[in-house]
Amino acid sequence: MAEQLVECVPNFSEGRDRAVIDQIVDAIRRSGGVEVLDVDAGAATNRTVVTFVGPPEQALAAAFAGIREAAQGIDMRQHRGEHARQGATDVCPFVPLAGVSESEAITLARRLGERVGAELGIPVYLYGAAATRPSRVALVDIRKGEYEALPEKLQQPEWAPDFGEPVFNPRSGATVIGVRPFLIAYNVNLNSRNVKLAKDIGLAIRETGRPRRDAQGKFVRDAQGNPVLAPTPTTLPCCRATGWLIEEYGCAQVTMNLTDYRVTSLHQAFDTVCQLAAAQGARVTGSEIVGLVPRQALLEAGRHYLAQQQAFAGVSMNELIRTAVRSLGLSEVARFEPREKIIEERVNPGPGRLVGLTVQGWVEELASDSPAPGGGSVAALCGSMAAGLAAMVAALTHGKKGYEEVAAEMRRLGEEGHPLKDALLAAVDRDTDAFNRILDATRLPKTTAAEQQHRLAALEAANQGATRVPLEVLTGAVAALRLADTAVRQGNANSLSDAGVAALLGEAAACGAFYNVLINLAAVGDAPWRAATLQQARDLLQQAQEQGATLRTEVLRRLEEGLAKVGS
C-alpha cells in the first residue's frame with residue numbers, strides 16, 4: 001500500500017552552456033511523472049547535478065531521457081573542468097525513498113544500464129549497491145584515470161562494462177549507474193561560538209574516528225605519513241562530521257552528512273551530540289536540515305521521542321512530524337516547513353482532489369453524474385476508516401486502568417493503523433486517476449496501424465493499472481480487518497461498537513475492492529496476468545469474509561450479553 005518514490009541524481013558534464021543544460025532538464029521534465037527538485041550548475045567544475053523524484057517507472061524513463069539528451073548535447077572531447085569525470089552523463093544514482101526496496105532500486109539501475117548500453121552505445125558500469133564486483137562499489141575506483149583513460153581501460157578484460165560493448169565512445173565516454181542511500185545534510189547548534197569544541201565533537205562521532213596517539217601523545221602515522229584513525233565509543237557509522245562557526249547564527253555547529261539514515265538516524269546523531277556537548281559544559285540549542293529529508297527519518301524520530309516520554313506513539317503522521325520538529329529543535333534558526341523540506345511533500349503537496357473535499361462536498365461529487373469517484377474510491381475510503389477506527393480504539397485503550405497487559409499490543413495497533421489509514425486514503429484519488437487514464441487511452445488516435453498498436457498497448461497498461469489499485473485496496477482491507485480483530489478482542493470494552501464498525505467497514509472495503517478488480521480484469525488482455533491476479537484477489541476476499549463473519553458474531557454476542565446484564 002505504500003507510495004513508491006525514488007530519487008535520481010544524475011551528474012552531467014556541462015556546467016557552462018545554459019542552453020545545453022536547459023535541454024537536458026527539459027527532456028527530464030517532458031518524460032512525465034517526475035518532479036525536478038534542484039538543478040545545480042557549476043562553471044568551475046563544468047558539471048550540473050540534477051535532482052528529481054518520482055515513481056520507479058517514471059524515474060527510469062526520465063533518467064534515460066536525460067542521458068540521451070546529454071549524449072546529443074555534450075562532446076567529451078571538448079570537456080574541461082575541475083571535477084573528476086569520464087562521461088557526458090558521468091554518474092546516475094537511484095536513491096530508494098518510499099515504498100521501494102534496495103533490491104528494487106538495483107533492478108531499476110540494471111534496466112537503465114542495459115537500455116543505455118544497447119540504445120545509446122555508451123559503456124555502463126554499475127556501482128554502489130548495484131555493483132557487480134567489489135572493485136566497482138566505489139565511484140572513485142571506477143572513475144580512476146577519468147575520460148582520458150577509457151580507451152586503454154576498455155581493452156582490459158577486468159574493465160569490460162556491465163552493459164554495452166567494450167568500445168570507446170569518444171563523444172559520450174562512459175556512464176556509471178547505481179544505487180546509494182539518501183544522504184541527509186544535518187547540523188546541530190551549540191550554545192557556544194567555540195569552533196574547537198564543535199570540531200572535537202565531530203571527531204568523536206565521525207565514522208572514521210579520531211587520529212590515534214602514542215604513549216607520548218604524538219599522532220600515530222602510517223607508512224605514507226598519514227595519521228592513523230581509530231573509532232571511539234561514540235563513533236556513529238555512516239556519519240561524516242566536523243565543526244564550524246556560522247556567523248549568521250552566532251553559534252558553532254557540529255555539521256554532519258548522514259550517508260545512510262537507516263544506520264545512523266537523525267535522533268541518534270542529535271542525542272549523541274547532546275551527550276558529548278553536556279560532558280564539556282555546553283548545550284545543544286537545536287538543529288537544522290540542509291536541503292531535503294525523507295519523511296520516514298522524521299517519523300522515526302517522532303516515535304523515538306514519544307517512546308522516551310513513555311507516551312503513546314500510535315498517533316497520526318502529522319503529530320509524529322510535529323514531535324520530531326519540536327524535539328530536534330528544527331525551527332531554531334529558521335522555521336521548518338514540512339511542505340518545503342520533506343521530499344514526499346514536494347512531490348505530492350497537500351491532499352488529493354477528492355480527499356481534500358469536505359465530507360459534504362465528497363458525497364455531493366459522488367452522487368453527481370460523473371463516473372468517478374465511484375465504487376473503487378468508496379471501497380478505499382471504507383478501508384481507511386476501518387484502519388482509523390482501529391487506531392482510535394488503540395488510543396482509547398492504551399494507558400487505561402485494567403488494560404496494562406495489552407499496552408504493547410495497543411501500541412502496535414496504533415503504530416500500524418495510522419500508516420494503513422493514510423495509504424488507503426491516498427487510494428481514493430488513485431482509483432479515480434486510474435479510471436481517467438483508461439479514458440485518456442480510449443481517446444488516442446487510431447488511424448494508422450502504428451497508432452492502433454500504440455493505443456492498444458496504452459489501453460492494456462491502463463486497464464492493468466486500474467486493476468492494481470483495487471487489488472492494493474483489497475490487500476489493505478485484509479490488513480485493516482486484522483487490526484479490527486485486535487481492537488475487538490483486546491481493546492477497551494467501552495469501544496467495542498467502534499471496533500465492530502471497523503470490522504464491518506474492513507469487510508465492505510474488501511468486497512467493494514474485489515468487485516472493482518473483477519470489472520477491470522474483464523478488459524485486460526494478458527491472460528496469464530489476468531488469471532494470477534484473479535486468484536490472488538479471490539484468496540484475499542476469502543480471508544476478509546472469513547474474518548469479517550467471525551468478528552460480526554463475536555461483536556454481536558458481546559454487545560447482546562452486555563445489554564442482557566443491564567436488563568437483569
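Thresholds applied
Residues numbered from 1 in each chain as written. Predicted model: local features only at pLDDT ≥ 70, side-chain atom pairs only at ≥ 80, totals over all residues. Heavy atoms only, no water. Core = buried A, V, L, I, M, F, W, Y, C linked by side-chain atoms within 4.5 Å. Buried < 20%, exposed > 50% of the residue type's maximum accessible area, 1.4 Å probe, protein only. Contact = heavy atoms within 4.5 Å. Helix = DSSP H or I, 4+ residues; strand = E, 2+ residues; numbered from the N terminus. Expected span 1.5 Å × (residues − 1). Pairing = 2+ DSSP bridges. Axes fitted to C-alpha atoms, helices over the stretch in contact; angles between N-to-C directions. Phe/Tyr/Trp six-rings, centres within 6.5 Å; stacked < 30°, edge-to-face > 60°. 1 Å grid on protein atoms, 1.4 Å probe; cavity = no way out; pocket = protein on both sides within 12 Å on 5 of 7 lines; lining within 4 Å. Points joined across faces, edges and corners; volume = space filled by probe spheres on them. Nonpolar A, V, L, I, M, F, W, Y, C, P; charged D, E, K, R; others polar. Parallel < 35°, antiparallel > 145°, perpendicular 65-115°, else oblique. Left-handed = near helix turned anticlockwise from the far one by under 90°.

Student: Explanation requested: the nonpolar core in the structure shown.
Tutor: What tends to happen in soluble globular proteins is that the nonpolar side chains get buried as a cluster. Ile 184, Tyr 186, Met 256, Leu 266 and Leu 298 are the most contacted members of the largest nonpolar core, which totals 52 residues. In this structure, Met 256 is in contact with Ile 184, Ala 185, Tyr 186, Asn 187, Val 188, Ile 205, Cys 239, Arg 240, Ala 241, Ala 269 and Val 273, ignoring residues within four places of it in sequence. Of all hydrophobic cores here, the second largest spans 50 residues; its members include Ala 379, Val 393, Ala 487 and Leu 496.

Student: Honestly, helix α9 (residues 317-328) in this entry has me stumped. Any pointers?
Tutor: Two residues of an α-helix separated by three or four positions point the same way, owing to the 3.6 residues in each turn. For α9, built from twelve residues, the straight-helix expectation of 16 Å at 1.5 Å per residue is met to within 8% by its first-to-last C-alpha distance of 17 Å. Residues of α9 that are buried: Leu 320, Ile 321, Thr 323, Ala 324, Val 325 and Leu 328. One or two positions beyond α9, positive phi appears at Gly 329, with a value near 65°.

Student: Explain the sheet that holds strand β11 (residues 239-246) here, please?
Tutor: In a beta sheet, neighbouring strands are held together by backbone hydrogen bonds and run either parallel or antiparallel to one another. Pairing within the open sheet is antiparallel, and its four strands lie in the order β11-β12-β8-β13. Unpaired on one side and paired on the other, β11 and β13 (284-290) mark the two borders of the sheet. Taking each pair of neighbouring strands and ignoring which way they run, the sheet shows an average axis angle of 25°. The pairing of β11 with strand β12 (residues 251-258) spans eight bridges and is classified as antiparallel.

Student: Sorry, what's going on with the packing of aromatic side chains here?
Tutor: Remark: the centre distance and the inter-plane angle together describe each pair of aromatic rings, the angle taken between the planes. Throughout the structure, instances matching the rule amount to two aromatic pairs. Taken together, a centroid distance of 5.9 Å and an interplanar angle of 80° make the contact between Tyr 125 and Trp 159 edge-to-face. Remark: Trp 159 occurs in the loop between α5 (146-153) and β7 (175-179) and Tyr 125 occurs in strand β6 (residues 124-128); sequence separation between them is 34 residues. The exposure class assigned to Tyr 125 is buried, which follows from its relative accessible area of 1%. Look at Tyr 147 and Phe 168: their rings are 5.6 Å apart centre to centre, the planes differ by 50°, and that puts the pair in the tilted class. Taken together, the positions of Tyr 147 in helix α5 and Phe 168 in the loop between α5 and β7 put the pair 21 residues apart, joining distant regions of the chain. On the basis of relative accessibility, which here comes to 8%, the residue Tyr 147 falls in the buried class.

Student: Could you clarify how one ought to interpret the layout of surface pockets in this entry?
Tutor: The method is simple in principle: a probe with the dimensions of a water molecule rolls over the atoms, and the space it marks as empty is what remains. Put simply, the second largest pocket is a space of about 860 Å³. Together, 30 residues line the second largest pocket, and Glu 7, Val 9, Val 49, Arg 180 and Leu 183 are the ones closest to its centre. Put simply, the parts of the chain that give the lining of the second largest pocket at least two residues each are β3 (35-42), β4 (47-54), β5 (89-98) and β6. Here the residues of the lining of the second largest pocket are counted per class, giving 16 nonpolar, six polar and eight charged.

Student: Quick question: what am I supposed to make of unusual backbone geometry here?
Tutor: Residues other than glycine predominantly adopt negative phi, and peptide bonds predominantly adopt the trans conformation. With a phi angle near 60°, Cys 238 is a residue other than glycine that sits in the positive phi range. With respect to the element layout, Cys 238 can be found in the loop between β10 (229-230) and β11. Note on Cys 238: relative accessible area 17%, which makes it buried.

Student: What am I meant to see in the environment of Gln 23 here?
Tutor: Along the polypeptide, Gln 23 turns up in helix α1 (residues 18-30). The spacing of Gln 23 and Pro 233 is 210 residues in sequence and 50 Å in space, taken between C-alpha atoms.

Student: Would you mind showing me how to read the packing of helix α15 (residues 449-490) against helix α16 (residues 496-521) here?
Tutor: Two quantities define a packed helix pair, namely the angle between the axes and the distance from one axis to the other. Following both chains from N to C, one finds α15 and α16 inclined at 160°, their axes separated by 8 Å at the closest point. The orientation of α15 with respect to α16, classified from their angle, is roughly antiparallel. As α15 packs across α16, the resulting crossing turns out to be left-handed.

Student: Sorry, what's going on with the side chain of Thr 51 here?
Tutor: Note that Thr 51 resides in strand β4. Given the relative accessible area of 13%, Thr 51 is considered buried. If near-sequence neighbours (up to four positions away) are discounted, Thr 51 is found in contact with Glu 7, Cys 8, Val 9, Glu 35, Val 36, Leu 37 and Asp 38.

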